[in-house]
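Working through the structure, step by step
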Amino acid sequence: MTETADDLSAPLGQDKPRRKRRLRLPFTAMQALTVMLGLFLVAFAGFAIFNKDPLGGEPMTRIAIREPRATDEKPAAASLGQESKPESKHEAKEAPKQAGEQKTVTMIDGSTGTRHDVVIGGGDAADKGDAAAASAPPPVMAGIDPKLLEKSRYGMIPVTAEGAKPFNVYAADADRAKAAKMPVVAILIGGLGVGAAKTTDAIMRLPPAVTLAFTPYGADPGKLAERARAQRHEIFLQIPMEPYDFPDNDPGPQTLLTSLTTDQNMDRLYWHLSRMQGYAGLTNFMGARFVATDAAMQPIIREAAKRGLGFFDDGSSPRSIAPQAAGSQAMPFGKGDIAIDVVPTPAEIDRALNKLESMARERGVAIGTASALPVSIERIGSWTKTLSDRGILLVPLTTAMLKSKSS
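Residues numbered from 1 in each chain as written. Predicted model: local features only at pLDDT ≥ 70, side-chain atom pairs only at ≥ 80, totals over all residues. Heavy atoms only, no water.

**Looking at the overall build of the protein**
Our working rule: For helices the rule is a DSSP run of H or I covering at least 4 residues; for strands it is a run of E covering at least 2, with both sets numbered from the N terminus onward. Each residue is placed in one exposure class: buried if its accessible area under a 1.4 Å probe, protein chains only, is under 20% of its type's maximum, exposed if it is over 50%, and partly exposed if it falls in between. We call two residues contacting when some pair of their heavy atoms lies within 4.5 Å. To be clear on the numbers: accessible area is Shrake-Rupley with a 1.4 Å probe, and residue cover counts the displayed protein chains and nothing else.
A tally of regular secondary structure across the protein gives 13 helices and 13 strands. By residue count, 42% of the 407 residues in the protein fall in the buried class. Across the protein, every contact between residues at least 6 apart in sequence was considered, and the portion connecting residues at least 24 apart equals 68%. About 23400 Å² of surface is accessible on the protein, with carbon and sulfur atoms providing 54% of the total.

Structure follows, in structure tokens:
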């Protein structure tokens, strides 16, 4: 056996110690951590891809909606006055269901941050796709003659009775004998009912002779309209109608459209009529295309006349057929002459009011329209304080409409 040099130099009687082998892992600790992190990310991505939750990633809120308990009590509307038979197939034979509690919930779009106010609760919806239509039929306002109401499937709507008409009954008091001898001016403030602050501002700061027009929207437009009547303002109801750029410019739920049938538009009209009571007439809300379309507009004018209402055209559409349609029905009619706050600055509003004043002197009657902007309310309020000193009488819209018809 051949011995190496190391064997010859090793001490006698002692074996050469063997070296211990170190266990080597196939990867380092950092590599292991990287692999574990990668597996976690793969698992998370798989969950996100294959999970079928359509609201994943969006902020959510859960709202418990309780249906109103059934009771043996009749709806409040059913106890009002005489129950007239339906005059058309649009009217229901049964009273509206009792209203449940309503709540307004603000929903926030998680991607855009857009806020939407949704009314929850109430009875049958006028249109299940529209949040505003999901509210219950509104209660009847105070000071309303029950004989001038009848039931529709949406709530109580105006009607003539024993020769009495809503236009005459709900017109504001005015010295019509004096108005017949003097130049008169009427002003209609529109867009009320949505936004309690601006509506209350118009009600309290403007003189009673200023007429207020309410949209059918809002949480409780009837309550605000009731307050307006308590302050001796007469009120009109604005009916949303199709503009030329619809749907890019959309007046709101249940808008009357030229593409719908007469029956469909009449059903929508009844929904609007039921939102409040005590209005003397109707007026268009937008609607340049609708008021210029004879086939669509004529049935609405006929229905308003049949129910004892007047109609006011805000004058925004030069092609409107409303004057001819109202004339054929011998109903009270008026048309706006000047939009006062097209340019909402104090100087331009004052200029428009001066023009309205000059028009009243020339023609005997002039009608202006405006919105409830703070600057509009402030300038109109100041202007009306000295109007009589300049020989012009401020009158409610109904008085101006009657004078226009007689002149």
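Don't stop here, the text continues.
**Quick word on the pairing of strand β7 (residues 235–241)**
Here is the rule: Strand pairing is assigned whenever DSSP detects at least two bridges linking the two strands. When the strands point away from the viewer, a crossover counts as right-handed if the path from the first strand over the helix to the second runs clockwise.
Burial of β7 is extensive: seven of the seven residues sit out of reach of the surface. Judged from the three bridges that link them, strand β6 (residues 211–214) and β7 form a sheet pairing that is parallel. Residue pairing across strands places F214 opposite L237, the latter belonging to β7. Following the chain from β6 across helix α6 (residues 221–230) to the adjacent parallel β7, one finds a crossover that is right-handed. Bridge count for β7 against strand β8 (residues 281–286) is six bridges, and the pairing is parallel. Looking at the pairing, P240 lines up with F285 of β8. Since β7 and β8 lie parallel, the crossover through helix α7 (residues 262–273) that links them has a hand, and here it is right-handed.

**Side note on the pattern of salt bridges**
Condition: For this document, the term salt bridge refers to a Lys or Arg side-chain nitrogen within 4 Å of an Asp or Glu carboxyl oxygen.
The full count for this structure, using the stated rule, is 14 salt bridges. E348 is paired through a salt bridge with R351; the nearest N and O atoms lie 2.4 Å apart. Placement of the pair is E348 and R351 together in helix α11 (residues 346–363), with a separation of three residues, close to one helical turn. For the salt bridge of R379 with D350, the shortest nitrogen-to-oxygen distance reads 3.0 Å. Of the two residues, R379 sits in helix α12 (residues 374–385) while D350 sits in helix α11, which places them 29 residues apart along the sequence. By relative accessible area, R379 is classed as partly exposed at 21%. Counted as one network, the salt bridges with shared partners bring together E150, E303, K306 and R307.

**Regarding the pairing of strand β9 (residues 310–313)**
The alternating pattern of β9 places G310 and F312 and F311 and D313 on opposite faces, both of which are buried. Pairing of β9 with strand β10 (residues 333–335) involves three bridges; the strand directions are parallel. Bridging from a neighbouring strand, D313 pairs with K335 of β10. Of the crossover connections in this fold, the one passing from β9 over helix α10 (residues 322–329) to the parallel β10 is right-handed.

**Examining the layout of surface pockets**
In plain terms, the rule: Only protein atoms enter the 1 Å grid, on which a cavity is a set of points fitting a 1.4 Å probe that cannot get out and a pocket is an open set with protein on both sides within 12 Å along at least 5 of 7 lines, lining residues being those with an atom within 4 Å of a point. Grid points are joined across faces, edges and corners, and a volume is the space filled by probe spheres set on the points. Side-chain classes are defined by residue name, with Ala, Val, Leu, Ile, Met, Phe, Trp, Tyr, Cys and Pro counting as nonpolar, Asp, Glu, Lys and Arg as charged, and the others, Gly among them, as polar.
The calculated volume of the second largest pocket comes to roughly 490 Å³. The set of elements that each furnish at least two residues to the lining of the second largest pocket consists of β5 (184–192), β8, β11 (338–339) and β12 (365–371). Ranked by residues supplied to the lining of the second largest pocket, first place goes to β8 with four residues. The class makeup of the residues in the lining of the second largest pocket is eight nonpolar, 10 polar and three charged.

**As for the environment of N265**
If you trace the backbone, N265 turns up in helix α7. N265 sits in the buried class, given a relative accessible area of 3%. As a C-alpha pair, N265 and T255 span 10 residues in sequence and 8.3 Å in three-dimensional space. When residues no more than four places from it in sequence are discounted, the contact partners of N265 are L256, L257, L260 and F290.

From the geometry alone we can't say anything about function, so treat these as descriptive.
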